Amino acid sequence: MLAFLISAIRLGMTFLFGSTGETITEKSGHLNLGIPGVMCVGASCGCYAEYLYLSEARMNASPILAILIPILATLAGGALMGLIFSFLTVTLRTNQNVTGLALTTFGVGVSDYMITKTGPIYSKGSRYFTTPLPFADDLGVIGDIFFSHGILIYLAIIIALLTSFVLNRTRIGLNLRSVGEDPATADAAGINVSLYRYSATCIGSAIAGLSGLSFIMDYLNGNWEYCIDAIGWLCIALVIFTVWKPNLAIIGSILFGALYIVSSYITGISFATKELFEMLPYIVTIIVLVFTSARDSKNSQPPKSLGLPYFREER
Amino acid sequence: MTNNVAIELKNISKSFGGNMANKNVNLIVNRGEILSILGENGSGKTTLMNMIAGIYFPDEGEIFINGQEVSIRSPKDAFKYGIGMIHQHFKLIDVFSATENIILGLKEKGRYNLKAASMRVKEISDKYGFDIDPMKKIHEMSVSEKQTVEIIKVLYRGADILILDEPTAVLTPQETQKLFAVIRKMKEDGKSIIIITHKLHEVLSLSDKVAVLRKGEYVGTVETANTNEAELTEMMVGKKISLNIERSEPQSCEDRLVVKGLNCINREGKKVLNDISFVARSGEILGIAGIAGSGQRELLEAIAGLQHINDGEILYNNPKTNTCDNLRDKTPLQIRDLGVRLSFVPEDRLGMGLVANMDIVENMMLRSYHKGKSLFLERKAPKDLALHIIEDLEVVTPNENTPVRRLSGGNIQKILVGREIASAPTVLMAAYPVRGLDIGASYTIYNLLNSQKKKGVAVIFVGEDLDVLIELCDRILVIGSGSITGIVDARNTTKEEIGLLMTKTVSNDEKEGE
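Source: prediction; values computed, not measured.

### Here's the deal with the overall build of chain B
Along its length, chain B carries 16 helices and 20 strands. In summary, chain B has a C-alpha radius of gyration of 24 Å against a globular reference of 24 Å for 514 residues, a match within 12%. Projected onto the principal axes, the alpha-carbon positions of chain B cover approximately 75 × 55 × 45 Å. Counting every position in chain B, which comprises 514 residues, the buried fraction comes to 46%.

### As for the overall build of chain A
Counting its secondary structure elements, chain A contains 14 helices and zero strands. Along chain A, helices and strands appear, N-terminal first, in the series α-α-α-α-α-α-α-α-α-α-α-α-α-α. Here the C-alpha atoms of chain A give a radius of gyration of 19 Å, agreeing with the 20 Å that 2.2 N^0.38 yields for 315 residues. With respect to the three principal axes, the spread of C-alpha positions in chain A is 60 × 45 × 40 Å.

### Details of the interface of chain A and chain B
Taken together, the 19 residues of chain A in the interface contact 15 residues of chain B. Secondary-structure elements contributing two or more residues to the side of chain A that touches chain B are helix 8 (171-181) and helix 9 (183-188) of chain A. Ranked by the residues each element gives to the side of chain A that touches chain B, the list is headed by helix 8 of chain A, at five residues. When grouped by side-chain class, the residues that make up the side of chain A that touches chain B number six nonpolar, six polar and seven charged.

### Here we look at the nonpolar core
Counting 140 residues, the largest nonpolar core has Cys 235 and Leu 238 of chain A together with Ile 52, Leu 162 and Ile 163 of chain B as its most contacted members. When near neighbours in sequence (up to four residues on either side) are disregarded, Leu 238 of chain A contacts Phe 15, Ser 19, Ala 249, Gly 252, Ser 253 and Phe 256 of chain A. Core analysis: the second largest hydrophobic core is formed by 71 residues, Tyr 432, Val 434, Leu 469 and Ile 476 of chain B among them.

### Side note on the sheet that holds strand 14 (residues 311-318) of chain B
Residues and elements named next belong to chain B. If you walk across this open sheet you meet the four strands as 12-11-14-15, and the pairing is antiparallel. The open sheet has two edge strands, strand 12 (271-281) and strand 15 (323-326), and neither has a second partner. Sheet twist, expressed as the mean angle between neighbouring strand axes with direction ignored, is 15°. Across four bridges, strand 14 lies against strand 15 in antiparallel orientation. Pairing of Asn 317 across the sheet is with Cys 324, part of strand 15. Running over the sheet, helix 9 (residues 296-304) touches strand 11 (255-265), strand 12 and strand 14 and is turned about 65° from strand 12.

### Focus: unusual backbone geometry
All names here are of chain B. Despite not being glycine, Asn 66 has its phi angle at roughly 50°, a positive value. By the element assignment, Asn 66 lies in the loop between strand 4 (60-65) and strand 5 (68-70). Even without a glycine there, the phi angle at Ser 481 is positive, about 50°. Checked against the element boundaries, Ser 481 lands in the loop between strand 19 (475-480) and strand 20 (483-489).

### What to know about the packing of helix 7 (residues 151-169) of chain A against helix 12 (residues 246-261) of chain A
Residue and element names in this part refer to chain A. The interhelical angle for the contact between helix 7 and helix 12, taken along N-to-C directions, is 150°, at an axis separation of 7 Å. Looking at the two axes, helix 7 sits roughly antiparallel to helix 12. Together, Ile 157, Ala 160, Leu 161, Thr 163 and Ser 164 of helix 7 and Pro 246, Asn 247, Ala 249 and Ile 250 of helix 12 make up the contact between the two elements. A class-by-class count of the residues in the contact of helix 7 with helix 12 yields six nonpolar, three polar and no charged.

### Section: helix 1 (residues 2-27) of chain A
All names here are of chain A. With 26 residues, helix 1 extends 36 Å between its outermost C-alpha atoms, agreeing within 8% with the 38 Å of an ideal straight helix rising 1.5 Å per residue. Taking burial as the measure, the 26 residues of helix 1 include 20 buried ones, the bulk of the element. Directly after helix 1, the chain includes Gly 29, whose backbone phi takes a positive value near 95°.

### Thoughts on the pairing of strand 3 (residues 34-38) of chain B
On any regular strand, side chains alternate: one points to one face of the sheet, the next to the other face. Residues and elements named next belong to chain B. For strand 3, the buried fraction is high: five of the five residues fall into the buried class. Along strand 3, one buried face is formed by Ile 34, Ser 36 and Leu 38 and the opposite face, lined by Leu 35 and Ile 37, is buried too. As defined by bridge partners, strand 3 adjoins strand 8 (residues 192-197) across five bridges and the pair is classed as parallel. What sits directly across from Leu 35, in strand 8, is Ile 194. Pairing geometry for strand 3 and strand 9 (residues 209-214), over four bridges, is parallel. Across the sheet, Ser 36 pairs through a bridge with Val 210, a residue of strand 9.

### Observations regarding the domain arrangement of chain B
For chain B, the assigned domains are domain 1 (2-237), domain 2 (253-339 + 425-514) and domain 3 (349-423). Computed from C-alpha atoms alone, the centre-to-centre distance between domain 1 of chain B and domain 3 of chain B is 36 Å.

### Here we look at the pairing of strand 14 of chain B
Residue and element names in this part refer to chain B. Where strand 11 and strand 14 come together, five bridges link them in antiparallel fashion. For Val 259, the partnering residue across the bridge sits in strand 14 and is Ile 314. Here strand 14 folds back onto strand 15 in antiparallel fashion, the turn holding four residues, of which Asn 322 has a positive phi close to 60°.

### Considerations on the environment of Ser 142 of chain B
Mapped onto the secondary structure, Ser 142 of chain B falls in the loop between helix 4 (114-128) and helix 5 (143-156). Sequence separation between Ser 142 of chain B and Met 51 of chain B is 91 residues, and the spatial gap between their C-alpha atoms is 29 Å.

### Re the packing of helix 7 of chain A against helix 10 (residues 193-219) of chain A
Residue and element names in this part refer to chain A. Look at helix 7 against helix 10: their axes get within 10 Å of each other, and the N-to-C directions meet at 155°. One finds that helix 7 runs roughly antiparallel with respect to helix 10. Crossing of helix 7 against helix 10: the hand is left-handed. Facing helix 7, whose interface residues are Leu 152, Ile 153, Ala 156 and Ile 159, helix 10 presents Ile 207, Leu 210, Ser 214 and Asp 218.

### Details of helix 3 (residues 63-91) of chain A
The first and last C-alpha atoms of helix 3 of chain A sit 41 Å apart over 29 residues, in line with the 42 Å expected at 1.5 Å per residue. Two residues or fewer after helix 3 of chain A comes Arg 93 of chain A, characterised by a positive phi angle close to 60°.

### Remarks on the confidence of the model for chain B
Confidence along chain B averages 82 in pLDDT terms, with 91% of residues attaining 70 or more. Between residues 506-514 of chain B, whose pLDDT stays under 50, and residues either more than four places distant or in other chains, the model counts three contacts.

### With respect to the environment of Leu 238 of chain A
Residue and element names in this part refer to chain A. Secondary-structure assignment places Leu 238 in helix 11 (residues 229-241). On the neighbour-count criterion, Leu 238 (28 C-beta atoms within 10 Å) is buried. Spatially, the C-alpha atom of Leu 238 lies 30 Å from that of Thr 116, the residues being 122 residues apart in sequence.

What counts, and where the lines are drawn
- Residues numbered from 1 in each chain as written.
- Chains lettered and ligands numbered in written order.
- Predicted model: local features only at pLDDT ≥ 70, side-chain atom pairs only at ≥ 80, totals over all residues.
- Helix = DSSP H or I, 4+ residues; strand = E, 2+ residues; numbered from the N terminus.
- Rg over C-alpha atoms; globule rule 2.2 N^0.38 Å.
- Buried ≥ 20, exposed ≤ 12 C-beta atoms within 10 Å, placed from the backbone.
- Contact = placed C-beta atoms within 7 Å.
- Nonpolar A, V, L, I, M, F, W, Y, C, P; charged D, E, K, R; others polar.
- Core = buried A, V, L, I, M, F, W, Y, C linked by C-beta atoms within 7 Å.
- Pairing = 2+ DSSP bridges.
- Axes fitted to C-alpha atoms, helices over the stretch in contact; angles between N-to-C directions.
- Parallel < 35°, antiparallel > 145°, perpendicular 65-115°, else oblique.
- Expected span 1.5 Å × (residues − 1).
- Domains from an automatic or database assignment.
- Left-handed = near helix turned anticlockwise from the far one by under 90°.
- pLDDT = per-residue confidence, 0-100.

If you want it as C-alpha cells, here you go:
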C-alpha cells in the first residue's frame, strides 16, 4: 500500500509538469496537442545533456550540476518546441490542431532516435534525481510518503502553486486569461496578444518538457526503453479533468497516477485487463467533461477562444 | 476659442482594398460638447471612429489632439491621448467581474489590488450616477449593465474624449434616457463626446453638433439647433426620402395562428416562455416588442418547431384545406411545408439561416434541396430565384456566385428575408430583419412586409426600434421575461407605454427572486 502511494505520487507529479505547462498554454488560447512531442523532445535534450556531462566529468560529476544541466537543457528543448508551435500558428497562421499533432509525431521521432543513439546510460544520472530529502528517514511513514522523493517532485508542486498564483492573483495572469477568453477584447485593451501567446506557449512547453525528464529520470529510474508520448495525452486529459486549475491538478495528478498504476498492484489479473485499467484516467476525464458541460457552470469551462486563431485585421 | 478644441481631424482618408471607407473627413469637437456622427450603414462611421481609437490607421490626413498633431497607431496610443471608445459589440470578458474587465490591460503602478480598483470603480459610478456592482460577473449582467461597464472602463482610464458606437441600439427607452442623463453629466464635466447613431430623434435631443457621412464621404457638420429631421435625412441619403411607412388597414382578417398557454423550459432548466397566448391574424402585422432575450427567439422557434414545447398548443388554421392543425405535433419540415416561415436575423446576422462560405445560389438551395429528384443537385431553379432576389431587392453583389460572407450586412439580410418571402408563406415570422440596416434598406424591408400583409399573410415582426414597431404594425405584443405583459393597438399607443410594459415583468421577477 505504501509503495503504491509513493509510486502514485511520483508518477502523478510527472503528470503535473505536463498539465501545468499545458494549462498555461491553453489559458492563452493555444490548444497545443504537441505536448506529447514536447515532452519527448524535452526529455531527449535533458537526457542527452546528462549523457554528455557525465561522459565528460566521469567520476568528478557534481550532483548539483548533474541535476541542473539536464533541467536547463530540457527547459530549452521544451521552449524551442513551444516556439516552433507559436511561430507556425501565430506568425504563419497554421491550424493549431494539425500543427500540434505534427509536433507530436516529430517529437516521438526525435526521442526514438535518441534512445538508439545513447542507450540506457541515464541510469547513472537517474540516482541524482531520485535522492530523497535528507530528513526523510527520520519521519517514518509520513517521511516516506511526502519527503522520500527526488527534487523534481517538489519542483512540480512549486511550479503548479506558482502558476495558480500568477494566473489568479497578478495582472499578468489577468491579461493572459483575457487573451485566452477573447483575444479581440484583450487587443482592444492594449494587450499584445501575440506576445502573450508566444510567451505562454514557450513557458508552458518548457515546463511540460520537465514532465518527460521527470518520467525517465525519476519514475523509470533512467530506464528509457520505450517512447513516453502516452503520458503526454494523459497530461492533456488531466488539464480537462482539473478544469484548467493548476492547484487542483496537484490532487488530480496523484489520482491519475494512482489510476494508471493501480493494475500493477492488483494481483491475479491478466495482461489484457491491465490495459483496461490504464484507460481509467481517460474515462474519468470524459465523465468530468460531461458533468462540467451539463452543469454549464461558467467557472469550469475551457478558455472561450481555445484553439481559435486571432488576426486583428480579419473582420 | 482655438484652445478649446479637444480633437480635430483634417482630411482623413482610409481605404480597404479598393474600397474607399473614408474620404477627406474633417471634424472638430470642443471640450464639453456632444457631436453626433450620422450616416447610413457602410458610410464609414465606425471606420472613422476606429481610426481615432487606434484600431485602424488612416492612409492620409492628420489628427490633432489639444492642438498637437498626433499619430495613433494602437489602442494603447489612444488611451495615452485620453481617447476611449465604447464599441457597438461589447469588448468584455464574460467570466471576469466588472472590475477585472475595467482594469484589464492597464499598467498601474503598485501591486495588483482588485479591492482598491473596485473602490475606484464605485467612486466613478457614484460621480456620474451609474448603478453597478463592481464584483458582478459580466455573464450575469443585462445589456445595459454591460454598457455601463464599458463606459466606466474608459472613464477609469481617464478618457476625456469618449466615442460611443450606437449605444442605444440595445437599450429600452428608459435605459436610453438614463444613458443620456449620464452623457450630459459627462459633458458638464468638460468631456468631449462623439456618438454614432442613425436614430434621428436621438441626434436632435442629445447633441450640440451633427456631422454627416455618406458613402465614406464627409457631407458636412451642422449645429443641431439649426436643423431638423428632414434636412439631416437628405444630407445622409443624398436625396429626399419619405420616412413614413404606408400602413393599410388590415383586410379580411382570419385567425391564422392561435397560440394557447405556451410554456417552454430551456436546456438549463430555465423557464423561457411562460403561459403565452395570442392570435396572429392574416392580413395583419403583429409586432413583438421586448428587451433583447426576453423570449422572442424562443417563441418564434417554438412556432417553427425548433424549440421543445413543455405545455400549451399552437393551432394553425390552414386556409387551403380549412382544417385546423396543431403545430406542436409536427416536425419543422412539416411546419414549413404548411407555409409557416421563419426568417431570423441573429446578432451576428449569419448564425441562423445562411451559410457564410456558400454562395447565394447555394444558400437558396438550402431551402429547396429536398425537392430535388435526381442524384445530382439541381441548380437552375435556385439560380433563377437568386437572380430574382438580387434584382428585386437591389442586392449589391458582383454576381450570384459570390459567397454570402463577402456581402455587407444589409445585403445578407435582403437575401435571407427574400428567400423566405419567395416561398409564398401564409405566416411570415421576421425577427430583427432590419438589424443594422441603413434607412434605405430598412424601408425596402418594411415595404416587403407590408406587401406580404396585403397579400393576406399573417406577418409576425420582432423589432428593436419602437418607433418603427408603432408605425409599421397593427398590434404590438409586448414580452417581458418570457411572459406577455400586454398586447396594444399600435395606432393608439406611445413609446413610453410600450417601454413600461417591456420592463414590467422584469422588475416583478427581481422582487420575487429576492
